[in-house]
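For reference, the chains in residue letters:
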Amino acid sequence: MRRLTPNDGGFTLLELVVSILIFSLGFLGVTKMQQYAIMGNSFSMQMSNTINIIDNQEEYLRGLNIGDPDLTLGNHNGGSVTRQGIQYDLSWTVSTTGLGPAVNARDIDIQVAWVEKTVNHRVAMKMFRSN
Amino acid sequence: MDIRRDNSGMVMVMVLLFMLAAILIGIFMMRSTIIETKIVTNEKEHNQDFYLAESAAEIILPQFDDIVSAAAWVVDNRVNISGKMPAGSALAGANVGITLRRVGNPPVGSGASATKTTAYYYRVDATVGDQKVEMGIWKAFPKPGS
């Protein structure tokens, strides 16, 4: 058969192998980057959920009378909320403030804990109440 | 060598172009994730500061008499009462002030008598971080001779 052009070889086997190698190495990096991006977004979502739960509880506790059973000294368990398949455990701790027992004020620490696969997360926020 | 007929090396160029595209997509994805995380972290700090500022304004109420006796009352003169915050607590860094706004009759319908009492209207302001909360409170004092 007559060759149409002097060089119609396209690409050599060696060139192909090297190209595939570079491409796969690079693609592995991009995949890893994508994984981190998805993980980061997922964490942001969990954090948003947590902030919403704490916000909700903060407003609830602020509206209560200081003598309410939910504001007695000690630890309180607020149960758990499941959002997007993740369980968020809510609890809060009520203690006296540095103002001393003469002043009817409470120091409140609201905590939300959740487990992301095997990693434990915990967010706490502080507030104070008085009568 | 004729440049138009020599295709060798083209595969490498194509692969590198594809890689560039993939890396750019990856970088923009990372960028949006980082921004998202920053937004959430900011929201958390913002909320925490707001809770503390709100708490600082509220915690004034049970020790109000103590604060009134400690300050000289001049209208529109802000008195710093940051020292009245619970020692060693998250409120210790709060900047809290109280200002007498006006003196007059107690609010109608409040149950306080306008003939027997004079009401003092105060503004409490509390600043924690970049959050500031202002709260209005009033207290009725008996008129002399009643």
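Described below are features of the structure shown in this document. (Residues numbered from 1 in each chain as written. Chains lettered and ligands numbered in written order. Predicted model: local features only at pLDDT ≥ 70, side-chain atom pairs only at ≥ 80, totals over all residues.)

Thoughts on the overall build of chain A
Then, number 1: Helix and strand counts for chain A come out as 1 helix and 4 strands.
Then, number 2: Listed N to C, the secondary structure of chain A is α-β-β-β-β in terms of helices and strands.
Then, number 3: The C-alpha radius of gyration computed for chain A amounts to 29 Å, which surpasses the reference 14 Å derived for 131 residues by more than 25%, pointing to a less compact arrangement than a globule.
Then, number 4: Per-residue burial for chain A yields a buried fraction of 21% across its 131 residues.
Then, number 5: Across chain A, every contact between residues at least 6 apart in sequence was considered, and the portion connecting residues at least 24 apart equals 42%. (Helix = DSSP H or I, 4+ residues; strand = E, 2+ residues; numbered from the N terminus. Rg over C-alpha atoms; globule rule 2.2 N^0.38 Å. Buried ≥ 20, exposed ≤ 12 C-beta atoms within 10 Å, placed from the backbone. Contact = placed C-beta atoms within 7 Å.)

Digging into unusual backbone geometry
Residue and element names in this part refer to chain A.
Then, number 1: For Gln84, which is not a glycine, the phi torsion comes out positive at approximately 50°.
Then, number 2: Following the sequence through the fold, Gln84 ends up in the loop between β1 (74-83) and β2 (86-96).
Then, number 3: Assessed through the 8 C-beta atoms surrounding it within 10 Å, Gln84 is described here as exposed.

What to know about the interface of chain A and chain B
Then, number 1: At the interface, 41 residues of chain A touch 36 residues of chain B.
Then, number 2: Elements with a minimum of two residues in the side of chain A that touches chain B: α1 (13-63), β3 (105-116) and β4 (119-130) of chain A.
Then, number 3: Among the elements that make up the side of chain A that touches chain B, the one with the highest residue count is α1 of chain A (21 residues).
Then, number 4: Looking at the side of chain A that touches chain B residue by residue, the classes come out as 19 nonpolar, 16 polar and 6 charged. (Nonpolar A, V, L, I, M, F, W, Y, C, P; charged D, E, K, R; others polar.)

Brief notes about the nonpolar core
Then, number 1: Counting 36 residues, the largest nonpolar core has Leu52, Ala53, Ala56, Leu91, Ala94 and Ala126 of chain B as its most contacted members.
Then, number 2: Leu52 of chain B has contacts with Lys126 of chain A together with Ala90, Leu91, Ala94 and Val128 of chain B, leaving out every residue within four places of it along the chain. (Core = buried A, V, L, I, M, F, W, Y, C linked by C-beta atoms within 7 Å.)

Looking at the pairing of β2 of chain A
All names here are of chain A.
Then, number 1: Alignment of β1 against β2, held across 8 bridges, turns out to be antiparallel. For Val81, the partnering residue across the bridge sits in β2 and is Tyr88.
Then, number 2: The loop that links β1 with its antiparallel partner β2 comprises 2 residues; one of these, Gln84, has a positive phi angle of about 50°.
Then, number 3: Pairing of β2 with β3 involves 9 bridges; the strand directions are antiparallel. Across the sheet, Leu90 pairs through a bridge with Val112, a residue of β3. (Pairing = 2+ DSSP bridges.)

Examining α1 of chain A
Then, number 1: Helix length check: α1 of chain A, at 51 residues, gives a terminal C-alpha distance of 75 Å against a target of 75 Å (1.5 Å per residue), a fit within 8%.
Then, number 2: Looking at the buried positions of α1 of chain A, the neighbouring elements they touch are β1, β2, β3 and β4 of chain A together with α1 (10-58) of chain B. (Expected span 1.5 Å × (residues − 1).)

As for the sheet that holds strand β3 (residues 117-128) of chain B
Residue and element names in this part refer to chain B.
Then, number 1: Read across the open sheet, the 4 strands follow the order β1-β2-β3-β4; overall the sheet is antiparallel. Each edge of the sheet is formed by a strand with only one pairing partner; in this case those strands are β1 (78-80) and β4 (131-142). For this sheet, the mean angle separating the axes of adjacent strands, direction not counted, is 25°.
Then, number 2: The sheet contact formed by β1 and strand β2 (residues 95-104) spans 3 bridges and is antiparallel. From the neighbouring strand, Arg78 faces β2, where its bridge partner is Thr99. (Axes fitted to C-alpha atoms, helices over the stretch in contact; angles between N-to-C directions.)

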